[in-house]
Amino acid sequence: MKTRLALILAGFGILAGCDDASVNSVGAKPPAPAPAPVVPPAPRLRLDEVCPGNLDYKDERGEDPGWVEIRNLTDSVQSLGGMRLRGKGGDGPGWRLPDSSLEPGGRLLVFMSGLDRRRIAPPGDSVSLFVAKASVWTDSMNDPPGHSRWNPWQLTSLYGKLPGGVPAISAEMIKADNSGTDIEWSSVTVMAKLPGSKVMDVTGRDRLVLKATIPAGQMLAIRLCEEGAECWRGSAVQIKGTGVELDRYEVSLLGVKSNWAKLNGIAYEPPENLLGSYRFTVTDLWAYRSGLNPHASFELSRKGGEITLEDTSGLVTETVKYPEMPDDASWVRDSASGTFSLRRNPTPKASNPVGIAPALLPAPAFATASGFHAAPLVVQVGEVIGATVRCAEGGALPTASSPSVGSGIRLDSSAVVRCAAFAADGSHGPAATGTFLLGESVSLPVIVVTADSNALFQFDSGILVKGPNAGVDFPHFGANFWRDVEIPANIEMFEQGKRSFSLPAGIGIFGNYSRANDKKSLSVQFREEYGARRVEWPLFPNHPELRRFKGFALRNGGNNCGKDYVRDALMTSLTEGRNIEYQMSRHVVVFLNGKYWGIYELREKLDPDYLETRFGIDPSAVDQIKNGGEVQAGTVTHWNATVQQFMTRDLSNSAGYAQARELVDVDNYADYLATQIWTSNTDWPANNTRAWRVRSPSTPWRMMLFDLDFGLGSIGGQRDMLDYLADTSIAADGYPNGEYSTVFFRRLAANPGWRERFINRVGVLLSTNFSATRVQAALDSMQASIAAEVPRDQVRWKYNAKVQVNELKKMATFIKVRPGQVRDDFRNFFQLGNDAKVALSTPVGRVEVDGLSVGAGYAGTHFAGHALNLSVVAPTGARFVRWSDGVTSIQRRVTVPDSGLVLKAEFQ
């Protein structure tokens, strides 16, 4: 027994020591070898460069999303489809690379746009547009004649051959000032058209390439001529010269309106509204379809982050963490050591530089806060270790020769100060901008615009001055301010004495004839190339939920500049809460480079970014059209098709009307029409129109309200706008009310259902938003908010105070009589009855008249004998019983009697 127990215990000892190298009992197994360490396979692909900002490298849409570059490290072709990119959180399963391959040492650039496009396609389908013969037309050939002319340049004639036998077209076009002549425009154009009925089909091509000699800095317009149409009506693209002999110029055709299947020539012209001498020599011109680049399904954060390259099984090849960096820089792998560093000047699809880049210098910090101070003031600026802080005043950026900040900068009057840190080799970091308004007392919010004074005021090129080529007569065509130029600036906003934000941006002049006023409207646009993609601040306090703006306008008052400060802003604001996209606005005082510049209207821009800010709609998903043909986003194809369908379609029947509702938001259009009619805006609808829709899933076109300068008694007076809209006596695309621009109204008005709904919605708006009491109160309130600032602005711009007094009286008269005038116009046009009072109420919820809310209590004026469609929108749980006349249906149709109508909804 003892022996058996010993053997059992010995057995346990043997088992217990199986993994113990110190035990070597008889019969024990030898120790197992240690497992070999897992060696990951050598990476075949790696991330070579990460660029979250991207200022210069465009995708096939002409946009500049961030990108990453992937490199094949091997000497063999590598498949990409089994690999994917993943960001840090929130990016789901990641984004799989295209099902293609990468050559040995090859590089794949992936745009991080969020579009989720895996297809790669090379460019192709090139079509020649070059016609080697040309003719010239100038306004001096007109009757009566102008002064424009042309001369040969680089050839002895308009067209021929350069040395070496290269066919070319070459000319100097002199677009002259026609002030003092009997014509009010200037024109010179070189036309190269195909003979007879020949056409060029460039359908599907999205890039235009020109081989030409164009003087450095000079603009040249390339206009597309269509068969069956006058060439001056064709769309144009503009090219800026480099001065290089027979250089290659390339521009995008995306968004350009044209009948691509029927081009029959090209016209070469000076830019619109500019005068002077314009030279060019062209030897080739072609269009092609650009290649397709892959686009990942997520974007890179510009605040820093990480990006992972892995195979689809989850085996990580590598993860690259990158810091926040300027938009003109990328996170680059040193091709020798493999170490990443931050570098200016990214290298897409090219070898990376060798060596670690030095750290970038930061912007200095102002120790003295920007804003309002007493004079004099010594501005203090913080140090930057290892660098010298240098500063400049007056809007210019500091240079290596600017004075160092030393013990501070003494100011005796308002000024802007811009400072940057400079290294010993002259390199520098970004500039910081501070505004110091000394002894100023301003009752409105303040916008400070800071820009290089040369870019603003230099005679040859300053955007605020006439310059050397300005015409004598207003609006001074040819002046610098007619050029489409944007310059770098810094924008600061102060509210109640405190700075709201300070950001880099671009500024330019906008408007039509109003840009010829001394006080000019400014467009502010935030872009990556300046250092900020948007401002995140509630620009309009009444809508604090709207905090992300990619730009805004500082409007001078448009055509009413110098007459009043409120007209257009007042008219558009009256549509608040209704079914119309309009520009929010508020008055501010602008300082330019620290100097008082006057009262402006800070306004939303009605561009595609507006839709993103207001509704969260991706701008790349919309079509947006201005003035019937100018493409602001997407294409004009669907808009043109919609207009043509309305031109030929009978909408008087229910089937035609149902189809029309799929194309146009008819309620939005009704309210938009009502506003234009009440304002009596006669600079419309062939001008000052904007419309938009989402492409997929397709939504109906909606109208956007802007630029009502002719209204409220300014220029248009008290016009019968229904007669104006029904007029078909002028050309279909003629100004101001050609058939193409009025076709929606004329066709919809033929449908009894829409006509009834339109008349009733106009009745509601005339009794609410446009009632004399409400509009006059809004005018008084807006005028009171700026009253303290008006005298200073009038002195600054030499405005006559009596003019404003007269304009305010004119507006008051218009406001008082306009509702009655509009009702009379409707009565005559639609053969309606007399005015009749309507009173509607509900104890809960709201009443709607033909889909338009009138609140819980409504008193309005409508037309006797005309039917209203009523409904009540009540909260959940409220039980409708009947109307006060006994009708038990919550939705009803009732004809307004001569004696008027009083109805109350009754609930339990």
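Residues numbered from 1 in each chain as written. Predicted model: local features only at pLDDT ≥ 70, side-chain atom pairs only at ≥ 80, totals over all residues. Heavy atoms only, no water.

**Side note on the overall build of the protein**
Here's step 1: Scanning the protein from N- to C-terminus turns up 13 helices and 51 strands.
Here's step 2: Across its three principal axes, the protein shows a C-alpha extent of roughly 125 × 95 × 75 Å.
Here's step 3: Buried positions account for 50% of the 908 residues belonging to the protein.
Here's step 4: Long-range contacts, defined here as pairs at least 24 residues apart, represent 67% of the contacts in the protein between residues at least 6 apart.
Here's step 5: On the protein, roughly 40600 Å² of surface is accessible, and the fraction owed to carbon and sulfur atoms is 52%.
Here's step 6: In the protein, which carries 96 positive and 97 negative side-chain charges, the distance between the mean positions of the two groups comes to 3 Å. (Helix = DSSP H or I, 4+ residues; strand = E, 2+ residues; numbered from the N terminus. Buried < 20%, exposed > 50% of the residue type's maximum accessible area, 1.4 Å probe, protein only. Contact = heavy atoms within 4.5 Å. Areas by Shrake-Rupley, 256 points an atom, 1.4 Å probe, with all protein chains shown as cover. Lys, Arg positive; Asp, Glu negative; His and termini not counted. Charge placed at Lys NZ, Arg CZ, Asp CG, Glu CD.)

**So, the sheet that holds strand S39 (residues 595-603)**
Here's step 1: Strand order around the closed barrel formed by 7 strands is S30-S31-S32-S33-S36-S39-S38, with mixed pairing between neighbours. Across the sheet, the mean angle separating the axes of adjacent strands is 40° when strand polarity is ignored. (Pairing = 2+ DSSP bridges. Axes fitted to C-alpha atoms, helices over the stretch in contact; angles between N-to-C directions.)

**Looking at helix H6 (residues 654-663)**
Here's step 1: Among all positions in H6, only Gly656, Tyr657, Ala660 and Leu663 are buried. Projected down its long axis, H6 shows its buried positions confined to an angular sector of 110°, all on one face. Of the exposed residues in H6, those oriented more than 90 degrees away from the buried face are Ser654 and Glu662.
Here's step 2: Considering only its buried residues, H6 is in contact with helix H5 (637-648), helix H7 (666-679), helix H9 (739-748) and helix H10 (752-767).
Here's step 3: N-cap assignment for H6: the residue whose side-chain oxygen lies 3.2 Å from the backbone N of alanine 655 is asparagine 653. (Arc of directions from axis to C-beta. Polar contact = N/O pair within 3.5 Å; in protein donor to acceptor, adjacent residues only side chain to side chain.)

**A word on the state of the cysteines**
Here's step 1: Inspection of the entire model under this criterion finds 2 disulfides.
Here's step 2: Shown here is the disulfide that connects cysteine 225 with cysteine 231, its sulfur atoms set 1.9 Å apart. Between cysteine 225 and cysteine 231 the disulfide shows an S-S torsion of about -50°. By sign, it is left-handed.
Here's step 3: When its relative accessible area of 0% is taken as the criterion, cysteine 225 is described as buried.
Here's step 4: In this model, cysteine 391 is linked to cysteine 419 through a disulfide, with the two sulfur atoms separated by 2.1 Å. In this structure, the disulfide formed by cysteine 391 and cysteine 419 twists by about 110° around the S-S bond and is classed as right-handed. On the criterion of sequence distance, the pair formed by cysteine 391 in strand S26 (residues 388-393) and cysteine 419 in strand S28 (residues 415-422) is long-range, its members being 28 residues apart. Comparing cysteine 391 with cysteine 419, the two get one shared label, buried.
Here's step 5: When the bonded cysteines of the protein are counted from the start of the sequence, the pairing works out to 1-2, 3-4. (Disulfide = S-S within 2.5 Å.)

**As for the pattern of salt bridges**
Here's step 1: In this structure the tally under the stated criterion is 52 salt bridges.
Here's step 2: A salt bridge links aspartate 48 to arginine 333; the nearest nitrogen and oxygen atoms lie 3.4 Å apart. On the criterion of sequence distance, the pair formed by aspartate 48 in strand S1 (residues 45-51) and arginine 333 in strand S22 (residues 329-333) is long-range, its members being 285 residues apart. Comparing aspartate 48 with arginine 333, the two get one shared label, buried.
Here's step 3: One salt bridge connects arginine 410 with aspartate 412, and the closest N-O pair in it is separated by 3.1 Å.
Here's step 4: Residue class for arginine 410 comes out exposed when judged on its relative accessible area of 54%.
Here's step 5: Linked by salt bridges that have partners in common, Arg46, Asp48, Glu69, Arg107, Glu318 and Arg333 make up one network. (Salt bridge = Lys/Arg side-chain N within 4 Å of Asp/Glu carboxyl O.)

**Examining the packing of aromatic side chains**
Here's step 1: This structure, assessed with the given rule, holds 32 aromatic pairs.
Here's step 2: Put simply, the rings of Trp639, Phe646, Tyr669, Tyr672, Trp684, Trp701 and Phe744 pair up and form one aromatic cluster.
Here's step 3: The ring of phenylalanine 706 has arginine 690 lying over it, and the distance from NZ or CZ to the ring centre is 4.3 Å.
Here's step 4: Note that arginine 796 overlies the ring of tryptophan 797, its terminal NZ or CZ placed 3.9 Å from the centroid. (Phe/Tyr/Trp six-rings, centres within 6.5 Å; stacked < 30°, edge-to-face > 60°. Lys NZ or Arg CZ within 6 Å of the ring centre and 35° of its normal.)

**Let's talk about unusual backbone geometry**
Here's step 1: Cis geometry marks the peptide bond from phenylalanine 474 to proline 475, where omega comes out at 10°.
Here's step 2: With respect to the helices, strands and loops of the structure, proline 475 is situated in the loop between helix H2 (453-457) and strand S31 (486-495).
Here's step 3: With omega at 10°, the peptide bond leading from tryptophan 684 into proline 685 counts as cis.
Here's step 4: For glutamine 154, which is not glycine, the phi dihedral falls at a positive 65°.
Here's step 5: Mapping glutamine 154 onto the fold places it in the loop between strand S10 (149-151) and strand S11 (159-162).
Here's step 6: Here the phi dihedral of aspartate 850 falls at roughly 50°; this positive angle occurs in a residue that is not glycine.
Here's step 7: Tracing the chain through its elements places aspartate 850 in the loop between strand S45 (846-849) and strand S46 (852-855).

**Topic: the nonpolar core**
Here's step 1: Ranked by internal contacts, the top residues of the largest apolar core, which has 172 residues, are Tyr268, Leu554, Trp754 and Phe826.
Here's step 2: In terms of residue count, the dominant contributor to this core is H7 (8 residues). (Core = buried A, V, L, I, M, F, W, Y, C linked by side-chain atoms within 4.5 Å.)

**Let's talk about the side chain of serine 523**
Here's step 1: Checked against the element boundaries, serine 523 lands in strand S33 (residues 522-525).
Here's step 2: A relative accessible area of 14% means that serine 523 is categorised as buried.

Interpretation in functional terms is not warranted from these geometric data alone.
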